[in-house]
Amino acid sequence: MIEIPCPTEADTAAVARKLAATLRPGDLILLAGGLGVGKTLFTTGLAAGLGIEEQVLSPSFVLVRQYRSGFLPLVHVDVYRLRSANEFDDLEVLDLGADGVVVIEWGDALEGELPEDHLRIDFVVEEDGTRLLRLMPKGVWTERDLGLVA
Amino acid sequence: MNPLILAFETSCDETAVAVVRGAETLSNVLGSQVELHARFGGVVPEVAARAHVESIRSLTHQALNEAGIHPADLDGVAATAGPGLVGALLVGHSFAKATAWARQLPFVGIDHMEGHLMAPRLQFGDFEPPMVSLLASGGHSQIVHVDEWGEYQTLGSTIDDAAGEAFDKLARVMGLGFPGGPAIDRASDGGDPAAIVFPRALPDRPFDFSFSGLKTSVVTFIEKAQAAGELPSLADVAASVQEAIVDVLVAKTFNAVDETKAPVVGGGGGVLANRRLRHRFAEEADKRGVTLVIPDPILCTDNAAMIGVAAAHWLAAGRITDWTENVDPGLVLGQPLT
């Protein structure tokens with residue numbers, strides 16, 4: 001587990017940018033944390049790091065948004081509204097992102113149903129309102145060098 | 001020439017069918033899926049597509065019956081080509097194409113956002129652009145300058161959440177239902193819009209929106225107020241949240257009106273059904289002496305009459321969609337259908 005304090009929004013985006021440089025096709029990232037904590041902001045930074053030119057918009061209304069202009073495709077998902085793993089399977093998100101990176105907001109709720117090889121990132125709100133990112137690598141991710149991200 | 005059009009709109013969660021003659025609505029029927037999706041707190045694409053399939057045929061009969069039109073009288077058939085949910089779009093688009101093919105009628109695919117831009121013509125007659133229009137819903141928030149019909153410039157748009165999405169999420173924070181816009185609109189009755197001053201985002205970008213900062217600010221405010229036992233009334237919180245969203249939408253739209261000197265200001269999308277927003281638009285338009293063309297809420301939310309009026313315009317101008325053209329879920333206003 002790696003903990004990275006992010007006093008400002010720019011810090012959160014910078015962590016995401018650095019993480020982007022380490023990503024490979026088929027990578028799965030789960031973002032956990034409440035409303036307004038910075039999950040979409042983080043994904044915006046990740047997209048910038050992947051060289052994606054389009055504006056990353058919230059996926060909450062449409063559930064899934066895809067970006068293909070970067071050096072890896074990005075599939076951005078919000079599963080807050082889904083009630084079951086079946087509904088998630090219907091979206092075929094993992095197939096869509098097989099050749100790229102899948103980022104799932106509120107993904108912690110589905111963690112048990114998803115492939116074991118993933119990176120979970122918890123967004124913790126500190127008492128002073130700043131954020132702490134807690135990176136928890138699972139499966140093959142435990143062998144990745146995440147030292148560069150911090 | 002005022003073509004008689006059978007029109008379909010199935011881009012999201014409303015199955016809508018209409019018959020229009022030019023800019024005159026002969027029927028405008030809707031099979032709402034709101035109750036179906038309320039359990040999920042929002043629209044679920046697969047659920048929406050299946051529900052469209054189940055209701056489109058009977059709604060078509062209803063639309064033709066209410067209009068008193070026999071399919072043999074039609075001049076064309078139209079459907080939304082995008083943007084929207086791909087499965088949902090395909091239902092209306094395929095059904096419309098098949099109907100047109102069977103009747104040997106021209107088919108016209110319409111951009112959903114152009115439908116919203118043209119919807120005011122159904123109510124206000126043939127006003128002419130240039131016009132500035134605010135398109136705001138669960139999936140979109142943008143300010144468009146209509147140079148003339150078919151020539152659209154997007155002056156600004158959201159950089160994170162759509163306005164309707166912000167309403168939905170903030171309603172969730174306040175423990176109100178889905179859809180969030182109407183829920184906050186109702187909850188704010190009797191509340192003081194100035195009770196809590198939430199931040200107005202992107203003051204340095206005149207036409208763009210951002211609602212993620214507001215979200216964070218409301219969550220933080222409610223948590224702190226709850227911890228201190230000083231939570232204001234729900235009406236005050238709702239009215240203040242609504243004011244923060246409405247204020248930005250109004251300010252940026254009228255920035256565009258002032259900048260372009262457009263003589264007409266309009267709007268479309270579900271957020272334009274908000275009572276406070278409509279009131280503020282009326283005030284600002286009145287102040288400037290510009291013509292306000294925001295139609296009744298039923299024509300602001302998704303409907304097929306708006307697709308019909310756009311299709312009638314293009315059919316009269318000789319623009320027909322090729323049979324090979326498909327839906328485009330990522331269609332961008334002003335760019336050709338692919």
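Residues numbered from 1 in each chain as written. Chains lettered and ligands numbered in written order. Predicted model: local features only at pLDDT ≥ 70, side-chain atom pairs only at ≥ 80, totals over all residues. Heavy atoms only, no water.

**Some points on the interface of chain B and chain A**
For step 1, the next point in the chain: Listed per partner, the contact involves 25 residues of chain B and 20 residues of chain A.
For step 2, the next point in the chain: Approximately 1,900 Å² of surface area, both sides summed, lies buried where chain B meets chain A, with 57% of it carried by carbon and sulfur atoms.
For step 3, the next point in the chain: On inspection of chain B and its partner chain A, the count reaches 0 salt bridges.
For step 4, the next point in the chain: Inspection of the region where chain B meets chain A yields 9 residue pairs in polar contact (both at pLDDT 80 or more).
For step 5, the next point in the chain: For the side of chain B that touches chain A, the secondary structure elements donating two or more residues are α2 (45-67), α6 (163-173) and α8 (212-227) of chain B.
For step 6, the next point in the chain: At 5 residues, the largest contribution of residues to the side of chain B that touches chain A is made by α6 of chain B.
For step 7, the next point in the chain: For the side of chain B that touches chain A, the class distribution of residues is 9 nonpolar, 6 polar and 10 charged. (Contact = heavy atoms within 4.5 Å. Buried area = accessible area lost by both parts, 1.4 Å probe. Salt bridge = Lys/Arg side-chain N within 4 Å of Asp/Glu carboxyl O. Polar contact = N/O pair within 3.5 Å; in protein donor to acceptor, adjacent residues only side chain to side chain. Helix = DSSP H or I, 4+ residues; strand = E, 2+ residues; numbered from the N terminus. Nonpolar A, V, L, I, M, F, W, Y, C, P; charged D, E, K, R; others polar.)

**Description of the layout of surface pockets**
A water-sized probe rolled over the atoms picks out the places where empty space is left.
For step 1, the next point in the chain: Size it by volume and the second largest pocket reaches roughly 780 Å³.
For step 2, the next point in the chain: At the level of secondary structure, the elements contributing two or more residues to the lining of the second largest pocket comprise α1 (9-20) and α2 (39-49) of chain A together with α6 and α8 of chain B.
For step 3, the next point in the chain: Among the elements that line the lining of the second largest pocket, the one with the most residues is α2 of chain A, at 7 residues.
For step 4, the next point in the chain: Taken together, the residues of the lining of the second largest pocket break down into 15 nonpolar, 15 polar and 12 charged. (1 Å grid on protein atoms, 1.4 Å probe; cavity = no way out; pocket = protein on both sides within 12 Å on 5 of 7 lines; lining within 4 Å. Points joined across faces, edges and corners; volume = space filled by probe spheres on them.)

**Here we look at the sheet that holds strand β3 (residues 24-32) of chain B**
Residues and elements named next belong to chain B.
For step 1, the next point in the chain: Taken together, 5 strands build an open sheet; the order of strands is β3-β2-β1-β4-β5 and the sheet is mixed. Each edge of the open sheet carries a strand with a single partner, namely β3 and β5 (107-111). The mean angle between the axes of side-by-side strands here comes to 20°, regardless of whether they run parallel or antiparallel.
For step 2, the next point in the chain: Two elements, strand β2 (residues 14-21) and β3, share 8 bridges in a ladder whose sense is antiparallel. Bridged to V19 within β3 is S27.
For step 3, the next point in the chain: Running over the sheet, helix α3 (residues 86-103) touches β1 (4-9), β4 (76-82) and β5 and is turned about 160° from β4. (Pairing = 2+ DSSP bridges. Axes fitted to C-alpha atoms, helices over the stretch in contact; angles between N-to-C directions.)

**Thoughts on helix α10 (residues 275-288) of chain B**
An α-helix turns once every 3.6 residues. As a result, residues three or four positions apart point the same way.
Residues and elements named next belong to chain B.
For step 1, the next point in the chain: Here α10 spans 20 Å end to end across 14 residues, near enough to the 20 Å set by a 1.5 Å rise per residue.
For step 2, the next point in the chain: For α10, the full list of buried residues reads L277, R280, F281, E284 and A285. Down the axis of α10, the buried side of the element spans an arc of 130°, and every buried residue falls inside it. Exposed side chains of α10 directed beyond 90 degrees from the buried face belong to D286 and K287.
For step 3, the next point in the chain: Packing partners of the buried residues in α10 comprise β6 (131-136), α9 (234-260), β9 (264-268) and β10 (291-293).
For step 4, the next point in the chain: Sitting at the amino-terminal end of α10 is N274, which places a side-chain oxygen 2.9 Å from the backbone nitrogen of R276.
For step 5, the next point in the chain: Just downstream of α10 lies G289, where phi reads positive at about 70°. (Expected span 1.5 Å × (residues − 1). Buried < 20%, exposed > 50% of the residue type's maximum accessible area, 1.4 Å probe, protein only. Arc of directions from axis to C-beta.)

**Notes on the environment of V34 of chain B**
All names here are of chain B.
For step 1, the next point in the chain: Along the chain, the position of V34 falls in helix α1 (residues 34-38).
For step 2, the next point in the chain: Take V34: its relative accessible area is 25%, and that puts it in the partly exposed class.
For step 3, the next point in the chain: Along the sequence, V34 and V19 sit 15 residues apart, while their C-alpha atoms lie 23 Å from each other.
For step 4, the next point in the chain: Non-local contacts of V34, meaning those with residues more than four positions away in its chain, are made with D13, E14 and P179.

**Focus on the confidence of the model for chain B**
For step 1, the next point in the chain: On average, residues of chain B score 93 in pLDDT, and 98% of them reach the 70 mark or higher.
For step 2, the next point in the chain: The ipTM for the predicted assembly is 0.74, set against a pTM of 0.87. (pLDDT = per-residue confidence, 0-100.)

**Digging into the sheet that holds strand β5 (residues 101-105) of chain A**
All names here are of chain A.
For step 1, the next point in the chain: Judged by pairing direction, the sheet is mixed, and its 7 strands sit side by side in the order β1-β7-β6-β2-β5-β4-β3 without closing on themselves. The open sheet is flanked by β1 (2-6) and β3 (64-67), the only strands paired with a single partner. This sheet shows a mean twist of 20° between the axes of neighbouring strands, independent of strand direction.
For step 2, the next point in the chain: Across the face of the sheet, α1 comes into contact with β1, β2 (27-32), β6 (118-125) and β7 (131-138) while running at roughly 140° to β1.

**Some words on the nonpolar core**
Residue and element names in this part refer to chain B.
For step 1, the next point in the chain: Residues L134, V241, I245, L249 and L277 are the most contacted members of the largest nonpolar core, which totals 42 residues.
For step 2, the next point in the chain: Contributions of two or more residues to this core are made by β6, α6, α7 (180-187), α8, α9 and α10.
For step 3, the next point in the chain: The element that contributes the greatest number of residues to this core is α9, accounting for 12 residues.
For step 4, the next point in the chain: Aside from chain neighbours lying at most four places away, what touches L134 is Q142, I143, F209, L249, T253, G266, G267, G268, L272, L277 and F281.
For step 5, the next point in the chain: Counting residues in each nonpolar core, the second largest holds 34 residues, with A16, M306, I307 and L315 among its members. (Core = buried A, V, L, I, M, F, W, Y, C linked by side-chain atoms within 4.5 Å.)

**A word on the pattern of salt bridges**
For step 1, the next point in the chain: Applying the stated criterion to the full structure yields 18 salt bridges over all chains.
For step 2, the next point in the chain: Notably, a salt bridge pairs R134 of chain A with E3 of chain A, separated by 2.6 Å at the nearest N-O pair. On the criterion of sequence distance, the pair formed by R134 of chain A in strand β7 and E3 of chain A in strand β1 is long-range, its members being 131 residues apart.
For step 3, the next point in the chain: In this structure, the salt-bridge partner of R120 of chain A is D122 of chain A, at a minimum N-O distance of 2.7 Å.
For step 4, the next point in the chain: For R120 of chain A, a relative accessible area of 17% puts it in the buried group.
For step 5, the next point in the chain: Connected through shared salt-bridge partners, R200, E243, D247, R276 and R280 of chain B make up one network.

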